[in-house]
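Topology and contacts: notes
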Amino acid sequence: MQVTIDKNSGYCFGVEFAIQMAEDELAHEPTLYCLGDIVHNSMEVERLHQQGLRIIDREQLATLHDCKVLIRAHGEPPETYQLALQNNLELIDASCPVVLKLQNRVKHAFDASQRQDGQIVIYGQPGHAEVAGLTGQTGNRAIIVMNEADLDQIDFSRPVTLFSQTTKSTAGFYKMKALMEARIQAAGGALESFDANDSICRQVSNREPALSRFATEHDVIVFVSGRKSSNGKALFSVVQQHNPRSYFVENETEVEDAWFVGASTVGICGATSTPLWLMRQVAERIEGVSELV
């Protein structure tokens, strides 16, 4: 049984940059605090914990003074930076450049919408760190939507500006855009007052077609990702659409021998938050199965 790791899977630039910054700091600091999981992968979080990275939440951040805190790739709202100034915290800012650019776009769009009685809508996962950073640019007044039912929050007779969380599905974004256009027309509004911005990271969206091809090239697909990963959920749905024999695992301990009966090729792939070392561990586990199947 041939086992192949997808060469296009693994860390995106933003995650790789954040982890490198953490490791650089930990090389000469015994402890570094990080606001939230540095990456939505428990195995990688544990590896960095062993090096001295300590994950904290917002309540804990408020109690810290005179120390270093890493801002992860997801970005942060303005109040985090204000608190850092008040508490004399040195921020190691690893916010992804793509996310920072989007935050700036959302802030400018919000300022413009205030003059036009408009609304800012974010297609994204409520509670997600990146979404919190984006809505923070609007004083937390942006409307967050994930499905059609969420659209009931919007007044479609008023101008609407739509953005997307950078790691959402492209297909999902355009489906939401079409639903919103239908609502605008039903409400008697003007489509000219609807500004839809496809702000999905191209490093993420470009993986979808490559992953679709990869899924069809193998008998069985094992997708490796943390269950908290929004990007992981989106990419796994792409894999499932093209290969019904697809399985989601967080690590090699979740692999089941029965998945590979009759298979001659197995493909291993993962999210933008999945480290290569973890996919290699899964590959070694499956290679052990191939001797039995």
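Everything below is about the structure printed above this text.
Rules used in this analysis
- Residues numbered from 1 in each chain as written.
- Predicted model: local features only at pLDDT ≥ 70, side-chain atom pairs only at ≥ 80, totals over all residues.
- Heavy atoms only, no water.
- Helix = DSSP H or I, 4+ residues; strand = E, 2+ residues; numbered from the N terminus.
- Rg over C-alpha atoms; globule rule 2.2 N^0.38 Å.
- Buried < 20%, exposed > 50% of the residue type's maximum accessible area, 1.4 Å probe, protein only.
- Contact = heavy atoms within 4.5 Å.
- Salt bridge = Lys/Arg side-chain N within 4 Å of Asp/Glu carboxyl O.
- Axes fitted to C-alpha atoms, helices over the stretch in contact; angles between N-to-C directions.
- Left-handed = near helix turned anticlockwise from the far one by under 90°.
- Nonpolar A, V, L, I, M, F, W, Y, C, P; charged D, E, K, R; others polar.
- Phe/Tyr/Trp six-rings, centres within 6.5 Å; stacked < 30°, edge-to-face > 60°.
- Lys NZ or Arg CZ within 6 Å of the ring centre and 35° of its normal.
- Pairing = 2+ DSSP bridges.

Some details on the overall build of the chain
- Looking only at helices and strands, the chain features 11 helices and 12 strands.
- Against the 2.2 N^0.38 benchmark of 19 Å for 293 residues, the chain shows a C-alpha radius of gyration of 21 Å, consistent with a compact globule.
- Judged by the C-alpha coordinates and their principal axes, the chain covers about 65 × 55 × 25 Å.
- By the burial criterion, 53% of the 293 residues in the chain qualify as buried.
- The contacts in the chain between residues at least 6 apart in sequence include a share of 70% that link residues at least 24 apart.

Some words on unusual backbone geometry
- With phi around 55 degrees, Asp-66 is a residue other than glycine that occupies positive phi space.
- Relative to the helices and strands, Asp-66 is located in the loop between helix H3 (58–63) and strand S4 (68–71).
- One non-glycine residue, Asp-117, lies in positive phi territory at about 55 degrees.
- With respect to the helices and strands, the residue Asp-117 is situated in the loop between helix H5 (97–116) and strand S6 (119–123).
- Asp-117 sits in the partly exposed class, given a relative accessible area of 47%.

Things to note about the pattern of salt bridges
- By the definition in use, this model includes 14 salt bridges.
- A salt bridge links Glu-44 to Arg-47; the shortest N-O distance between them is 2.7 Å. One end of the pair is Glu-44 and the other is Arg-47, both in helix H2 (residues 42–49) and three residues apart, which spans about a single turn.
- With a closest N to O distance of 2.7 Å, Arg-202 and Asp-198 form a salt bridge.
- Within this structure, Glu-23, Glu-44 and Arg-47 form a network of salt bridges that share partners.

A short note on the packing of H5 against helix H6 (residues 129–136)
- The contact between H5 and H6 brings their axes to 8 Å, and the two run at 35 degrees. For the pair H5 and H6, the crossing hand works out as right-handed. Of the residues in H6, those touching H5 at Val-99, Leu-102, Gln-103 and Val-106 are Glu-130, Gly-133 and Leu-134.
- Each residue belonging to the contact of H5 with H6 can be placed in one class, and the counts come to four nonpolar, two polar and one charged.

Comments concerning the packing of aromatic side chains
- Scanning the model with the defined rule gives eight aromatic pairs in all.
- Considering the side-chain rings of Tyr-123 and Phe-173, the 6.4 Å spacing of their centres and the 50 degrees angle between planes classify their relative orientation as tilted. Here Tyr-123 is found in strand S6, whereas its partner Phe-173 is found in helix H7 (residues 170–186), with 50 residues between them in sequence.
- Given a relative accessible area of 7%, Tyr-123 falls into the buried group.
- We classify Phe-173 as buried; its relative accessible area is 1%.
- With a centroid separation of 4.2 Å and an interplanar angle of 5 degrees, the aromatic rings of Tyr-247 and Trp-259 are classed as stacked. Of the two residues, Tyr-247 is situated in strand S11 (residues 246–249) and Trp-259 in the loop between S11 and strand S12 (265–270); the sequence distance between them amounts to 12 residues.
- Exposure remark for Trp-259: the relative accessible area of 12% places this residue in the buried category.
- Aromatic rings pair up to connect Tyr-123, Phe-173 and Tyr-174 into one cluster.
- For Lys-168, the ring lying beneath its charged end belongs to Tyr-123, and the centroid distance is 5.5 Å.

Details of the sheet that holds strand S1 (residues 2–5)
- Ordered in space as S1-S12-S10-S11, the four strands form an open sheet in which the pairing is parallel. Pairing within the sheet leaves two strands with one partner each, and these edge strands are S1 and S11. Across the sheet, the mean angle separating the axes of adjacent strands is 20 degrees when strand polarity is ignored.
- Relative to S12, strand S10 (residues 220–224) runs parallel, the two sharing five bridges. Paired with Val-224 across the bridge in S12 is Gly-270.
- Running at roughly 155 degrees to S12, helix H9 (residues 207–216) makes contact with S1, S10 and S12 of the sheet.

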